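# Residue-level structure breakdown
If you want the building blocks of each chain, they are given just below.
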Amino acid sequence: MADIIEMPKLSDTMTVGTLIKWLKKEGDAVTSGDMLAEVETDKATMELECFFEGTLVKIFVEEGAEVELGAALCAVGEPGEKVEAPAAAETAQTPPPATAPEPPPLPTAATPPPVPSAPAEPGKRIKISPLAKKLAAEKGIDPSRITGTGTGGRIVRADVLDAEKNGVGGGMSGSGYMTKGPIQEDKVVKVSNMRATIARRLVESKTQLPHFYVDMEVDAGPLMALRAQLNEGLKDEGIKLSVNDFIMKAAAEALRKVPAVNCSWEGNQVRHHSRAHVSFAVAIDDGLITPVIFDAHVKSVFDIGPEAKTLAKAAKAMKLQPNQFTGGTFCVSNMGMMGVNSFKAIINPPNAAILAVGTTVEKPVVVNGQITVGQRMNLTLSCDHRVVDGAVGAQFLGELRGLIEKPALLLV
């Protein structure tokens, strides 16, 4: 008798999953441990593992279908075995076909006709790297009209540059400014499970948590100097520490000094966390996700750096497991690498606070009565006022500033 594989619960908040792609086809021999399909949850795209040996005799769900938990996905049995779709499989809902886009405007003398490119199938998720996505947006290029050459058809930076060069996907000549065409195609796109969950959680956080903000400018010069010195000494070992690695370590140590920030609101009680599990925001194709550095308070910056790099790489490849992005007690969101001076982040429940990190800016500062060139960084702490009071938030930022301005303390 064939074994039925059902939609599993792949995250703590998952209620449905989208079957993105089958990795096996009917008739293939499979064994325990094989990956059968890619499933998009509300937090990541994960692989569906097979726990049986035999032949994939029947697939009940088409690619792109949204499937409820417990619904049948496929059956593994003996070669040639006939299997009927269980009733649970009826919960799979194939999304309606996308409305055909309006035809592009006829070319004019001022706008030469674009070179045709293989467009993405209607309703199909576009695989594109974050860098390529950003570059395409800057150049006004529609990624759905680009053919990806990366792994699994993923669109990479070189594909976007080729599209611009060949006039594909709405690419614009020159800087891309002051052109005559539309900025993008008029269309309605169904949001992914992840984007829907992000939207719901952000609304809940912003409307249910009484946010207040504390910001502080810190001297980033000593940290930048120490980082450069360490990276120079470690380059032969293939280790490169980021500013964010130091910030996360500093945040963990500041939580040790001001543990009232390392807490969570639980209705009529406040949970105090004995360990600092510091998460950090990573931008991915359809939103962001927060991998966690567990026990950051007992790890060195040399431990945190490689671990964060590995987690970020897995996050961008949509390969994080649920236990890698849940359980954080404090979050760091850094937009400094994008040139953002300062911003206010929305708290990631059940955390009581989140730290927003801006870029390091060279500016004139007064030191000992003299004007000199300094390097300054802006830090903004968003706090849940039910848990953290203003004085506590200010105390935390003060401890954080002390560690950043004397970064040698982070190496102890």
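Residues numbered from 1 in each chain as written. Predicted model: local features only at pLDDT ≥ 70, side-chain atom pairs only at ≥ 80, totals over all residues. Heavy atoms only, no water.

Moving on to helix α8 (residues 390-405). The α-helix advances 3.6 residues per turn, and as a result positions three or four apart in sequence lie on the same side. Under the 1.5 Å per step criterion, the end-to-end length of α8 is 22 Å for 16 residues, consistent within 8% with the ideal 22 Å. The set of residues buried in α8 consists of G393, F396, L397, L400, L403 and I404. On an axial view of α8, the arc spanned by its buried residues comes to 120°, and they lie on one face. (Helix = DSSP H or I, 4+ residues; strand = E, 2+ residues; numbered from the N terminus. Expected span 1.5 Å × (residues − 1). Buried < 20%, exposed > 50% of the residue type's maximum accessible area, 1.4 Å probe, protein only. Arc of directions from axis to C-beta.)

A word on the packing of helix α5 (residues 243-257) against helix α6 (residues 301-316). At a closest axis distance of 9 Å, the pairing of α5 and α6 adopts a crossing angle of 125°. Classed by the angle they form, the pair α5 and α6 counts as oblique. For the pair α5 and α6, the crossing hand works out as right-handed. Of the residues in α6, those touching α5 at D245, F246, M248 and K249 are V301, I304, G305 and A308. Tallied by class, residues from the contact of α5 with α6 come to 5 nonpolar, 1 polar and 2 charged. (Axes fitted to C-alpha atoms, helices over the stretch in contact; angles between N-to-C directions. Parallel < 35°, antiparallel > 145°, perpendicular 65-115°, else oblique. Left-handed = near helix turned anticlockwise from the far one by under 90°. Contact = heavy atoms within 4.5 Å. Nonpolar A, V, L, I, M, F, W, Y, C, P; charged D, E, K, R; others polar.)

A few words now on the environment of V301. Position of V301 among the secondary structure elements: in helix α6. Here V301 falls in the buried class, since its relative accessible area comes to 1%. The spatial distance from the C-alpha of V301 to the C-alpha of M248 is 8.3 Å, given a sequence separation of 53 residues. Non-local contacts of V301, meaning those with residues more than four positions away in its chain, are made with L241, D245, F246, K249 and L411.

To continue, consider the packing of aromatic side chains. Under the criterion given, the structure shown has 1 aromatic pair. Ring geometry for F330 versus F396: centroids 5.3 Å apart, planes at 50°, classification tilted. You can see F330 sitting in strand β16 (residues 330-334) and its partner F396 sitting in helix α8, a full 66 residues away along the chain. A single burial state applies to F330 and to F396, both of which are buried. The lysine or arginine in question, K344, covers the ring of Y213, its NZ or CZ lying 5.9 Å from the ring centre. (Phe/Tyr/Trp six-rings, centres within 6.5 Å; stacked < 30°, edge-to-face > 60°. Lys NZ or Arg CZ within 6 Å of the ring centre and 35° of its normal.)

This structure, assessed with the given rule, holds 15 salt bridges. Note that R376 and E217 form a salt bridge whose closest N and O atoms lie 3.9 Å from each other. Here R376 is found in strand β18 (residues 370-384), whereas its partner E217 is found in strand β9 (residues 211-219), with 159 residues between them in sequence. For E217, a relative accessible area of 39% puts it in the partly exposed group. The partner of R256 in a salt bridge is E253, and the shortest N-O contact between them spans 3.3 Å. Residue R256 and its partner E253 are both found in helix α5; the two are separated by 3 residues, about one turn of the helix. (Salt bridge = Lys/Arg side-chain N within 4 Å of Asp/Glu carboxyl O.)

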